[in-house]
Amino acid sequence: MNLDRYEFSWDNDWLDFEFYSDGPKGKIKKVVRFSEVTTEKRTVFYNLGFGDWNEEEQRIDDFIVTDNKDAEKVLRTVASLVLQFTEHYPGAIIFAKGSSSARTRRYQMGLNKYWKEIEPLFSLFGLVEDREFVRFKKGINYEAFVIQRKKVNLS
Amino acid sequence: MASKKEYKKLSAAEAPWKVRDYSKDPFFVQKAATARQIIEKHGLPKELSAKKK
């Protein structure tokens, strides 16, 4: 498989990650955060948040479409971050949903493309028709995803 | 994703540059709130072993 991805950095808690997209639009700082969430029933999971850093406004720009011609490389980088995060939080359940349906579809395309590599390492479920989470299958459209690392040691 | 040979677990000391704390960023706060609503509505898949607080 193609291992081409961006170098990234992380904070001491392994919750915040940064990397720089590099393409025709220049260098753009990307931020990924795994936010711990506790439900009313005290269940803990992590939301995977992903966006561009707006230096001028000192905040994440959620709806910007960068189009830096490196979507594949960015997806591979985020996949590497998920691997690192789950090394440090081995039982963590991660929830992911794009800021728009187009972004969720992009996540889905990445999951479809790398399904052979993902399936041995992760249990993956998709939300269908605002109804329930079901086991992920290629070719079905989902509205959100939850993923948990299987007990496989890669180190 | 990575195979066993291609993958290396990183340590905090290896971080190439200092990363700021984004926990208070409104975007991430809002995303987490939306995620909580969805999971409280639909629950997590029973097949997953969720941690309790």
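Starting afresh in each chain, residues are numbered from 1 along the sequence in its written order. Key to labels: chains lettered from A, ligands numbered from 1, both in the order written. Totals for whole chains, interfaces and linings use every residue, but because this is a predicted model, local features are given only for residues with pLDDT of at least 70 and side-chain atom pairs only at 80 or more, for both listing and counting. Working from all heavy atoms in the structure, the side-chain values ignore hydrogens and water.

K.L.:
I keep staring at the pattern of salt bridges and nothing clicks. Help me out?
P.N.:
Any two side chains of opposite charge can pair, so long as their charged atoms come close to each other. All names here are of chain A. The working definition used for a salt bridge is a side-chain nitrogen of Lys or Arg within 4 Å of a carboxyl oxygen of Asp or Glu. All chains considered together, the criterion is met by 14 salt bridges over all chains. Between Arg76 and Glu72 there is a salt bridge; the shortest N-O distance is 3.6 Å. Residue Arg76 and its partner Glu72 are both found in helix α1 (residues 71-88); the two are separated by 4 residues, about one turn of the helix. For the salt bridge of Glu87 with Arg149, the shortest nitrogen-to-oxygen distance reads 3.0 Å. A residue pair is termed long-range when its members are at least 10 positions apart, and Glu87 in helix α1 and Arg149 in strand β9 (residues 145-149) qualify at 62 residues. With respect to burial, Glu87 and Arg149 carry one shared label: buried. Look at the salt bridges and you will find they share partners, linking Glu57, Arg59 and Asp61 into a network. Secondary structure elements follow DSSP: runs of H or I of four or more residues count as helices, runs of E of two or more count as strands, with numbering from the N terminus. Only protein chains enter the accessibility calculation, which uses a 1.4 Å probe; a residue is then buried when its area is under 20% of its type maximum, exposed when over 50%, and partly exposed in between.

K.L.:
Before we go on, may I ask you to explain the confidence of the model for chain B in this structure?
P.N.:
Atom-level detail of predicted coordinates should not be read off regions where pLDDT is low. Scored from 0 to 100, pLDDT reflects the predictor's confidence in each residue. Mean pLDDT over chain B: 87, with 87% of residues reaching 70 or higher. Across the assembled chains, the prediction reports ipTM 0.89 with pTM 0.91.

K.L.:
It is not clear to me how the interface of chain A and chain B should be interpreted in this structure. Could you clarify?
P.N.:
How large an interface is tends to be reported as the accessible area lost when its parts come together. If you look at the interface, chain A gives 65 residues, while chain B gives 43 residues. Asp130 of chain A is the salt-bridge partner of Lys41 of chain B, the closest N and O atoms lying 2.8 Å from each other. Identification of polar contacts relies on pairs of N or O atoms within 3.5 Å, with a donor-acceptor requirement for protein atoms, meaning one able to donate a hydrogen and the other able to accept it, and with residues adjacent in sequence counted only if both atoms are side-chain atoms. The interface formed by chain A and chain B holds 18 residue pairs in polar contact (both at pLDDT 80 or more) in total. For the side of chain A that touches chain B, the leading source of residues is strand β4 (residues 43-54) of chain A, giving 8 residues. Whether two residues are in contact is decided by their heavy atoms, any of which lying within 4.5 Å being enough.

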